[in-house]
Amino acid sequence: MEQLIIIAALIVVGYTFGRYAEAKHYRSIKAREIKLISLPCTSNKHPMCPEANITDCRLITGNAVISVDYFKQFVAGLRGLFGGRLTTYESLLDRARREAILRMKESATDAREIINLRLETFSVSKGNQSNIGSVEVFAYATAVYIKEEHSQIG
Amino acid sequence: MEYKAKQIETNHNVSKESPVKEFVILMLSVTAIAITIFLLLGLAVDEVVDRLPQDIEQSFFSSSSEELLNENQADPRTEFVQNLLSELQSCSDVSIPLKLGILETEELNAMALPGGVILVNSGLIDKLKSENGLAFVLAHEISHFKNRDHLRKLGRGIVLGGLAAILLGSNSQLSSVLMPASTYDDAQYSQERESLADEEALNIVSCHYNNTAGSVELFQLLKLTQASGFVSHYLASHPDPSKRIADIESLIKNQLMPFNPAQIRLLPDLKKSN
């Protein structure tokens, strides 16, 4: 009986703090995305600007590690019995992806554009293979810089 | 190609369902399925156990239980209680000879093991004052044995434990949530069996002594030592001692069983020789 109470408490705490942290993070993500929206970021192989203007190109990276809370983990465990879409983990990965891309963009705000965006996802487990403790998203791309009079600042 | 900055309005990578709703639906489904499976498997165990003859049970299990008995054979208490057990057994439907073992521990408890062994804790023998009280405890365990309750508990325990292990693997968080659902069902079932054993024990004691007084001595002792909460009552494997006393007293009254407190036999002073 005590175990049930402990688990219920963990679920409630996980849900409350998890939702709060998620909402806060999404607000921050949206605000920063608006700020950086004029910096193009694509997975194209070639830049949109004329290649003659390019002075510099650089590898840029962004990294984000987000952890699950107990509520998400618990629901994922239940889903493991029935199968189906794991909706609780969807927002987790969405946030991690967007955060990684934003951090990458923030490291090259004076670039003309960012091309060849690639994403890699890793799961960092706490040692117990059946529980995904946290997820890491790694974003890398090429930042392209042109002569100063044409550059755009994001 | 031109780049037009545009904010994405809707996020297609995230489902709009509330996670709480999903959690509730999944929990209810899992609990309902677990309860159903446990009920069905419990019925299956009951069917098998009812058809298992006592002598076959003895041949299956006797080897494991014999080891427990060999430690206490020299104890003078063992001889006395074994005699009492054999005498009481003649008033019951148990055909195979039941063997007695004593466990050296303070706890007030006794149990029936598969194979025809009754274990009584030394604490119980020391704390009970009347032979009638001790006889009721032995008769209660004899009734459990006759009703095959020890096999039922063994079967149900294996079945649910095995099922949980198979389905959930090492995910112990989930199995510890399923436990209360099965514990409640198990507890209600177990309490029914305990009440039935109490009733039959009363018949055995009445047959042997022609007197049912002194039967509730153990429960009166338990009332003093146990804490009884509302919730624990529902989940406990045994009914509340007060309820057991009340049920026994009403049985004695309704069936007009012989009740002579003056003729209660006291236990002789049984101490270990060393």
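The paragraphs below set out a description of the structure included in this document. (Residues numbered from 1 in each chain as written. Chains lettered and ligands numbered in written order. Predicted model: local features only at pLDDT ≥ 70, side-chain atom pairs only at ≥ 80, totals over all residues. Heavy atoms only, no water.)

### Quick notes on the overall build of chain B
Line of reasoning, step 1. The number of helices and strands found in chain B is 10 helices and three strands.
Line of reasoning, step 2. Secondary structure elements of chain B occur, N-terminal to C-terminal, as α-α-α-β-β-β-α-α-α-α-α-α-α.
Line of reasoning, step 3. Sorting the 274 residues of chain B into buried and exposed places 44% on the buried side.
Line of reasoning, step 4. When contacts within chain B are restricted to residue pairs at least 6 apart in sequence, long-range pairs at least 24 apart make up 74% of them.
Line of reasoning, step 5. A total accessible area of about 14,700 Å² is found for chain B, and carbon and sulfur atoms account for 58% of it. (Helix = DSSP H or I, 4+ residues; strand = E, 2+ residues; numbered from the N terminus. Buried < 20%, exposed > 50% of the residue type's maximum accessible area, 1.4 Å probe, protein only. Contact = heavy atoms within 4.5 Å. Areas by Shrake-Rupley, 256 points an atom, 1.4 Å probe, with all protein chains shown as cover.)

### Comments concerning the state of the cysteines
All names here are of chain B.
Line of reasoning, step 1. Scanning the model with the defined rule gives one disulfide over all chains in all.
Line of reasoning, step 2. One disulfide bridge connects C91 with C207, the sulfur atoms lying 1.9 Å from each other. The S-S bond linking C91 to C207 shows a torsion near -70 degrees; that makes this disulfide left-handed. Here the residue C91 occupies a position in the loop between helix 3 (76-89) and strand 1 (99-103), and C207 occupies one in helix 7 (residues 172-209), the gap between them amounting to 116 residues.
Line of reasoning, step 3. Exposure remark for C207: the relative accessible area of 45% places this residue in the partly exposed category. (Disulfide = S-S within 2.5 Å.)

### Brief notes about helix 1 (residues 2-35) of chain A
Line of reasoning, step 1. Spanning 34 residues, helix 1 of chain A covers 49 Å between terminal C-alpha atoms, matching the ideal 50 Å at 1.5 Å per step.
Line of reasoning, step 2. If you check which residues of helix 1 of chain A are buried, you get A:I7, A:I11, A:G14, A:G18, A:R19, A:E22, A:H25, A:Y26, A:I29 and A:R32. (Expected span 1.5 Å × (residues − 1).)

### Quick notes on the sheet that holds strand 2 (residues 113-124) of chain A
All names here are of chain A.
Line of reasoning, step 1. Ordered in space as 1-3-2, the three strands form an open sheet in which the pairing is antiparallel. Looking at the sheet topology across the chains shown, the edges are occupied by strand 1 (54-67) and strand 2. Strand after strand, the sheet turns through a mean of 15 degrees between neighbouring axes, direction not considered.
Line of reasoning, step 2. Examined bridge by bridge, strand 2 and strand 3 (residues 134-146) share 10 bridges and lie antiparallel to one another. Note on strand 3: the bridge partner recorded for L119 is A139.
Line of reasoning, step 3. Packed on one face of the sheet, helix 3 (residues 87-106) meets strand 1, strand 2 and strand 3 and runs near 150 degrees to strand 1. (Pairing = 2+ DSSP bridges. Axes fitted to C-alpha atoms, helices over the stretch in contact; angles between N-to-C directions.)

### Things to note about helix 1 (residues 19-50) of chain B
Residues and elements named next belong to chain B.
Line of reasoning, step 1. Over its 32 residues, helix 1 extends 46 Å from the first C-alpha to the last, a length consistent with the 46 Å expected when each residue adds 1.5 Å.
Line of reasoning, step 2. Buried within helix 1 we find E22, F23, L26, M27, V30, F38, G42, V45, D46 and V49.
Line of reasoning, step 3. Between the side-chain oxygen of the N-cap and the backbone nitrogen of V20 there are 3.2 Å, and the N-cap of helix 1 in question is S18. (Polar contact = N/O pair within 3.5 Å; in protein donor to acceptor, adjacent residues only side chain to side chain.)

### As for the side chain of A:D94
Line of reasoning, step 1. By the element assignment, A:D94 lies in helix 3.
Line of reasoning, step 2. According to the relative accessible area criterion, A:D94 is buried, its value standing at 2%.
Line of reasoning, step 3. Looking at A:D94, its side chain comes within polar contact range of the side chain of A:Y26, at 2.8 Å.
Line of reasoning, step 4. Residues in contact with A:D94, not counting those within four places in the same chain, are A:Y26, B:N11, B:N13 and B:V14.

### Section: the packing of aromatic side chains
The relative placement of two aromatic rings is captured by the distance of their centres and the angle of their planes.
Line of reasoning, step 1. Within this structure, the stated rule accounts for six aromatic pairs over all chains.
Line of reasoning, step 2. With 6.0 Å between their ring centres and 90 degrees between their planes, B:F136 and B:F219 make a pair best called edge-to-face. Residue B:F136 is located in helix 5 (residues 131-146), and its partner B:F219 is located in helix 8 (residues 217-225); the two are separated by 83 residues in the primary sequence. We note that B:F136, like B:F219, is buried.
Line of reasoning, step 3. The rings of A:Y15, A:Y70, A:F71, A:F74 and B:F23 are connected pair by pair, giving a single aromatic cluster. (Phe/Tyr/Trp six-rings, centres within 6.5 Å; stacked < 30°, edge-to-face > 60°.)

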